[in-house]
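# Close look at the chain arrangement
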Amino acid sequence: MVTHALEAVDLVKTYPAGRKNPPLRALDGLTFGVPEGIVLGLLGPNGAGKSTTVKILTTLSRADSGTARVAGYDVNREQDQVRRSIGYVPQKSSSDPMATGVENLVLSGRIYGLSRADAVRRAGELLERFDLTEFGDRQVKTYSGGMQRKLDVALGLVHRPRVLFLDEPTTGLDPEARADLWNEVGRLSGDEGLTVLLTTHYLEEADRLAGQLAIVDHGKIVAEGTPESLKAELRGDSVHVELVDPDTDGTVRTLIGQLAGVGEIVVEGNVLRARVDHGATAVPAVLAVLEDKAVPVTAVTVSRPSLDDVYLRYTGRSFREASLEREAA
Amino acid sequence: MTALTLDLPAAAQRRTGFVAHTRLIAGRWLRAQYRQPALIAFTLVQPAIWLLLFGQLFKGVVNIPGFSDSSYIAFLTPGIVMMTALMTSGWSGTTFIADMERGVMDRMLASPVSRGGLMAGQLISNATTTLIQTILVFAIGIAAGARYDGGAVGYLVTIVVSMLVGIGFGSLSNAVALLTRQQEALIGIFQFVSLPLTFLSSIMIDPAVAPHWVNVAAKFNPVDWAAIAARQALAANPDWSSVLRHSAYLLAFTLVVGWLSTRAFRTYQRSV
């Protein structure tokens, strides 16, 4: 039997109604398992339930029903053991801006029971590993966003946890800082036995960092597997047709649907996506039928399946659309 | 299944209890305070105005028949000490709000840190501020002409009760911070309660010449208990039973609100 470092079974969590908000079912029977030593990417748009899952697994919040075990411990009954086994890097920067990098790390290490000397040694190691040594004695408020984020990850590792939670680690970072952090997180998976749960709404980030992916939508896992296997399940290529005018009456949809070897057509505004057996033969056919009916087209692109297509396949809408929908809600 | 047990050595266990965590957390806040010494000076502006301006404006009130003290500045100073402790500790919760606005609070609460230590550590640093303020406010009062017969014990009692006011209302402020999670709400609530706490008391005026209903309200006012204990202890012939009784009320109040505010962490976690 495979030892699961993380295990969630049928988690349900509803936030009570506020003055302005209706009650929100954040998790709706979420179930997944992560073997030891794996980087699991929890991928979904804002509001899909990723952070709620992390908060329950880190003992910050409690599920209404369902069970979860972290590093073998029950999150409800063995909170103290869970807390000692995990590192948590919240969405927002978690360092004390008034303290220096070293002071932050030493305090955190000592809270977990390291002696002063051990905590200082460990702080030095981590600062070096994250290229922050020369800033160790500067107050965190003088750090750049990227440096603060690296310190946050270091804070999560001070006590050598078994499981590390990274809640949207690169949100708000500039591209350079993001690439830098990706390198650091990529190196973490080499750490002996460390299991990482990474939540993200960046497809690229999930593709790049996660050994295993779970796609979350409306508080449920809708697909699970390695990024490669998820993509491999999608046959053929995907074709995106950008129209000049939105396909409001469904004419274009019908036209393209009649072509051979074309399926899974989704229209969002003036973008039509379809799955085709062979991109090279489908594109000319698509263009021909559109030209025949004088439908103006801005662009046609054909691509190998991406995680975006995987998302589309399992949730019925594109990732971008799902994010917009949540923001509007 | 293979349980990933972390068998901590005994030394590490000792380092992760309430006392150890209180020390660590207090260290964090004291260090932050030490880096901004100007903040304490800033909080002294108000008591200085009260003492110097009101001490002068109302020095005639001691002539009202029944007023027990012969010097208004001497009467006013211990009260202003308690008022300063109250006003400053009202801001205590803003440190928690700042931690919540960043991810510091969530990181702490996902760690095995003792919740009591998280609260007590912050309150110790708050009480240290009160201690420094009490000494400085007294210095201003004495410079303005206040004189006391009570001696060292009187000053010591004043310092201890002022620190209790700081801890008690500091923990209330922290609890409100955990419950409301909003800076504006915290400040609003504290301003709303600090005014009646100051004026429904014997801080400004001898109860003997105050309206009856004010004296009734003052009986239930922890800030007044502190002011009475301090003024009595500083008097030439202190009524020690009154000092002890009012100090005991204050200690009980501080312990109860301290315990309640530690419970507020649970409420906060329920809402995250």
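Residues numbered from 1 in each chain as written. Chains lettered and ligands numbered in written order. Predicted model: local features only at pLDDT ≥ 70, side-chain atom pairs only at ≥ 80, totals over all residues.

### Re the overall build of chain A
Within chain A, the regular secondary structure consists of twelve helices and 14 strands. Classification of the 329 residues of chain A by burial places 45% in the buried group. Within chain A, counting contacts between residues at least 6 apart in sequence, those at least 24 apart form 68% of the total. (Helix = DSSP H or I, 4+ residues; strand = E, 2+ residues; numbered from the N terminus. Buried ≥ 20, exposed ≤ 12 C-beta atoms within 10 Å, placed from the backbone. Contact = placed C-beta atoms within 7 Å.)

### Here we look at the interface of chain A and chain B
Contacts between the two partners involve 29 residues from chain A, matched on the other side by 27 residues from chain B. Looking at the side of chain A that touches chain B, the elements that each hand over two or more residues are helix 2 (79-85), strand 6 (86-89) and helix 3 (101-111) of chain A. No other element matches helix 2 of chain A, which puts four residues into the side of chain A that touches chain B. Of the residues contributing to the side of chain A that touches chain B, the split by class is eleven nonpolar, ten polar and eight charged. (Nonpolar A, V, L, I, M, F, W, Y, C, P; charged D, E, K, R; others polar.)

### What to know about the confidence of the model for chain A
Overall, the predicted model of chain A reaches an average pLDDT of 88, with 96% of residues at or above 70. The element-level mean pLDDT for chain A is lowest in helix 12 (residues 319-328) of chain A, coming to 64, with helix 3 of chain A highest at 97. (pLDDT = per-residue confidence, 0-100.)

### Focus on the sheet that holds strand 3 (residues 39-43) of chain A
All names here are of chain A. Taken in spatial order, the six strands of this open sheet run 6-7-8-3-9-10, and their pairing is mixed. Looking at which strands have only one partner, the edges of the open sheet turn out to be strand 6 and strand 10 (220-225). The average angle at which neighbouring strand axes cross in this sheet is 15°, direction not considered. Here four bridges tie strand 3 to strand 9 (residues 212-217), and the two strands are oriented parallel to one another. Paired with leucine 43 across the bridge in strand 9 is isoleucine 215. In the packing of helix 5 (residues 145-157) onto the sheet, contacts are made with strand 6 and strand 7 (163-167), and the angle to strand 6 comes to roughly 160°. (Pairing = 2+ DSSP bridges. Axes fitted to C-alpha atoms, helices over the stretch in contact; angles between N-to-C directions.)

### What about the nonpolar core?
If you look at the biggest cluster of nonpolar residues, it comprises 144 residues, and the most contacted ones within it are A:Val70, A:Phe165, A:Leu197, B:Met82, B:Ala226 and B:Ala230. Ranked by residue count, the leading element in this core is helix 9 (residues 151-180) of chain B, at twelve residues. Ignoring any residue separated from it by four or fewer positions in sequence, one finds A:Leu197 in contact with A:Leu6, A:Val34, A:Leu40, A:Leu42, A:Val54, A:Val163 and A:Phe165. (Core = buried A, V, L, I, M, F, W, Y, C linked by C-beta atoms within 7 Å.)

### A short note on the packing of helix 5 (residues 72-90) of chain B against helix 12 (residues 222-234) of chain B
Each pair of packed helices gets described by two things: the angle between the helix axes and the distance between those axes. All names here are of chain B. Relative to each other, helix 5 and helix 12 sit at 145°, their axes nearing to 8 Å. Our pair here, helix 5 against helix 12, has a crossing hand that is right-handed. Mapping the contact onto sequence places Pro78, Gly79, Val81, Met82 and Leu86 in helix 5 and Val223, Ala226, Ala227, Ala230, Arg231 and Leu234 in helix 12. Among the residues forming the contact of helix 5 with helix 12, the class breakdown is nine nonpolar, one polar and one charged. (Left-handed = near helix turned anticlockwise from the far one by under 90°.)

### A few points about the pairing of strand 12 (residues 262-268) of chain A
Residues and elements named next belong to chain A. Note: strand 12 against strand 13 (residues 271-276), five bridges, orientation antiparallel. Within the sheet, the bridge partner assigned to glycine 263 lies in strand 13 and is arginine 275. Between strand 12 and strand 13, which follow one another and run antiparallel, lie two residues, and glycine 269 among them has a positive phi close to 60°.

### Comments concerning helix 1 (residues 50-57) of chain A
Note that an α-helix has 3.6 residues per turn; residues three or four places apart therefore point the same way. Residue and element names in this part refer to chain A. In terms of residue burial, helix 1 counts as a mostly covered element, since eight of its eight residues are buried. Listed in full, the buried residues belonging to helix 1 are Lys50, Ser51, Thr52, Thr53, Val54, Lys55, Ile56 and Leu57. One or two positions beyond helix 1, positive phi appears at threonine 59, with a value near 70°.

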